[in-house]
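# Remarks on the overall topology
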Amino acid sequence: MVMTKVYSWGRLNAFEHEVIDLSTSLLPHALKHPKSGLAYGMGRSYGDVCLNPDGILWNARTLNHFKHFDAQTGILSCEAGVLIADIQRLMVPKGWMLAVTPGTQSITVGGAIANDIHGKNHHRYGSFGDHVLAFDLLRTDGTSIHCRPQEQSDWFTATVGGMGLTGIITTVHLQLRTVPGPWFNSETLVYQSLEEFFELADGSEDNWEYTVSWIDCFSKHKGRGLFMRANHHQDDRFISQKKKLKIPFTPPFSLINRYSLPLFNALYYYLNAANSGKKISHYESFLYPLDHISEWNRLYGPKGFFQYQCVLPRSTGVETVKSILNEIARSGEGSFLNVLKTFGDRKAPGMMSFPQSGVTLALDFPNKGIRTLQLLTRLDSIVREAEGRLYMAKDARMPKDLFYSGYPRLAEFLQYRDPGISSALSRRLIGD
Ligand SMILES: Cc1cc2nc3c(=O)[nH]c(=O)nc-3n(C[C@H](O)[C@H](O)[C@H](O)COP(=O)(O)OP(=O)(O)OC[C@H]3O[C@@H](n4cnc5c(N)ncnc54)[C@H](O)[C@@H]3O)c2cc1C
């Protein structure tokens, strides 16, 4: 048996796993094993939702075949290991696109369903699960369940956002949406306060499909940032953007540290503020800006980093985000990739889906051990008091009580778990 070291995106720990490549011809035989297993996509989850230390990882990336595309209806059938990037690059020139994608396109369709990922257009299109028409779910006992929102709907809602714990998603049918081409009309606006951010977010909901913002964690003007919004542009010339830079090795210490962070924040703010205004952007630059620097997660050095993403009720959003920023400032720690965005008022498609009406804040902290963990515990208190929740795709350490209070449908979800599947996250938060 060969053991392989596998990281998740936060690179906090590399765990030994036995990795088994999945292929249609080997299923369901490959799932029979005395040890528990877990599907692994691209490992773009930051924490431990995609890890199963000392157990089996089923490499679902190898289920990577496109099956059928209906150019009249926009229905795409493919295996769950197909990459979002491959779908976009194949479909955009045909005038179709995935309705919802996250901030990177280097993820699999299976990973997108299992975390019910959201994008910059949640207020318009909801989350990924809202556009899944059907999928086949293979259980480790060999049974296969064809799930649709209208058929086996309980299995559908348990698996969308179900962290891979209900079975292996093998084949998926997706509803794509039409687009005029790869270009966006985008606009960057500077804001000086959280109140201004919410005004821009609310005021953009009706007329802008994509909205997102970056907030400066270090500025003395608490709550200043850059608000980005975009709509599709009528121009069908197709150009695929190329990767520009790669971080070739992991530096011996974090390049994102207390000295560089204020500088990075200020530089990012001033450079983008100086270039604010309207422009035409390629969809890859607007939707997946970080994909231009491959393996940027190595910049955090050998100890990795924590991502902390919460969603907070809109009614107390200004005050709660202020409290979080103040707590970060008090701690002397900081974050660079600070994303603030509103979610629309929509019912989530999964029992364990993360998005809910309100505002979501995502922050990255270099791992400085106990100091960072103590800060995150203090942020938990603020989120708990505001009745918010944390995102499992980003999590490596949330306390159980915050998980239980954030996900009130947990007991219902547990009925659909596959007993042959387990993850580091499920053992940490659920107990098995
Ligand atoms: C730069 C960056 C930006 C991001 N931006 C966003 C964002 O804007 N919004 C957002 O929601 N997320 C975002 N994410 C998180 C990312 O979209 C999710 O973590 C996604 O689930 C990762 O997919 P993956 O294919 O890498 O799956 P993995 O991380 O490998 O696995 C994730 C989960 O999916 C399960 N899984 C994978 N394949 C299958 C399968 N075939 N069957 C059953 N279960 C399966 C795994 O068991 C695991 O529980 C971002 C991540 C990065 C690195």
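To start, this report covers the structure provided alongside it. Since the model is a prediction, treat every value here as computed from it, not as a measurement.

### Let's talk about the sheet that holds strand β13 (residues 210–215)
Strand pairing in a sheet relies on backbone hydrogen bonds. The paired strands run either parallel or antiparallel. Strand order in the open sheet formed by 8 strands is β16-β12-β14-β13-β19-β20-β18-β21, with antiparallel pairing between adjacent strands. Edge positions in the open sheet fall to β16 (277–282) and β21 (389–390), since each of these has one partner strand only. Summarising the sheet, β13 and strand β14 (residues 225–232) pair through 6 bridges and their orientation is antiparallel. Bridge pairing in β14 links Ile-215 to Gly-225. Seen against the sheet, helix α6 (residues 260–274) touches β12 (183–191), β13 and β14 and runs at an angle of roughly 45° to β14. Sheet strands touched by helix α9 (residues 370–385): β18 (305–312), β20 (358–366) and β21. Its angle to β18, the strand with the most contacts, is close to 5°.

### Focus: the side chain of His-131
Within the fold, His-131 resides in the loop between α3 (122–125) and β8 (132–138). Accessibility expressed as a relative area gives 15% for His-131, which makes it buried. Discounting residues that sit within four places of it in the chain, His-131 has contacts with Ala-99, Val-100, Tyr-125, His-173, Leu-174 and Gln-175.

### Overview of the environment of Phe-413
Note on placement: Phe-413 falls in helix α11 (residues 410–414). By relative accessible area, Phe-413 is classed as buried at 0%. Taking the C-alpha atoms as reference, Phe-413 lies 40 Å from Asn-257; in sequence the two are 156 residues apart. With sequence-adjacent residues up to four places away left out, Phe-413 is seen in contact with Ala-158, Gly-162, Met-163, Leu-165, Thr-166, Met-351 and Met-352.

### Let's talk about the pattern of salt bridges
If you walk through the whole model with that rule in mind, you get 18 salt bridges. One salt bridge in this structure joins Arg-148 and Glu-151, with 2.8 Å as the shortest N-O distance. Since its relative accessible area comes to 31%, Arg-148 is described here as partly exposed. Between Arg-224 and Asp-216 there is a salt bridge whose closest N-O contact spans 2.9 Å. Judged by relative accessible area, Asp-216 falls into the buried class, the value being 3%. A network of salt bridges, in which partner residues are shared, links Asp-48, Asp-395 and Arg-428.

### What to know about the sheet that holds strand β5 (residues 66–70)
Read from one edge of the open sheet, 5 strands run β5-β6-β10-β8-β9, paired in antiparallel fashion. In this open sheet, the two edge strands, each paired with only one partner strand, are β5 and β9 (144–147). When the angles between neighbouring strand axes are averaged without regard to direction, this sheet yields 10°. Bridge count for β5 against strand β6 (residues 75–79) is 4 bridges, and the pairing is antiparallel. Within β6, the residue paired with Asp-70 across the bridge is Ile-75. The strands touched by helix α1 (residues 84–91) are β5, β6 and β10 (168–175); relative to β5, the strand with the most contacts, the crossing angle is about 40°.

Cut-off values and rules
- Residue positions are counted from 1 within each chain, in the order its sequence is given.
- The predicted origin of the model limits local features to residues at a pLDDT of at least 70 and limits the giving and counting of side-chain atom pairs to 80 or more, whereas totals for whole chains, interfaces and linings rest on all residues.
- To obtain the side-chain values, all non-hydrogen atoms of the structure were used and water was disregarded.
- A pair of strands counts as paired when DSSP detects no fewer than two bridges linking them.
- Strands are runs of DSSP state E lasting at least two residues, helices are runs of H or I lasting at least four, and both sets are numbered from the N terminus onward.
- Only heavy atoms matter for contacts: two residues are in contact if any of them lie within 4.5 Å across the pair.
- Lines fitted to C-alpha atoms define the axes, with helix axes restricted to the stretch in contact, and inter-axis angles between N-to-C directions lie between 0 and 180 degrees.
- Residue burial is assigned from relative accessible area. The probe radius is 1.4 Å, only protein chains are included, and a residue is buried under 20% of its type maximum, exposed over 50%, and partly exposed in between.
- Any carboxyl oxygen of Asp or Glu within 4 Å of a side-chain nitrogen of Lys or Arg constitutes a salt bridge here.

Read these as spatial facts, not as claims about activity.
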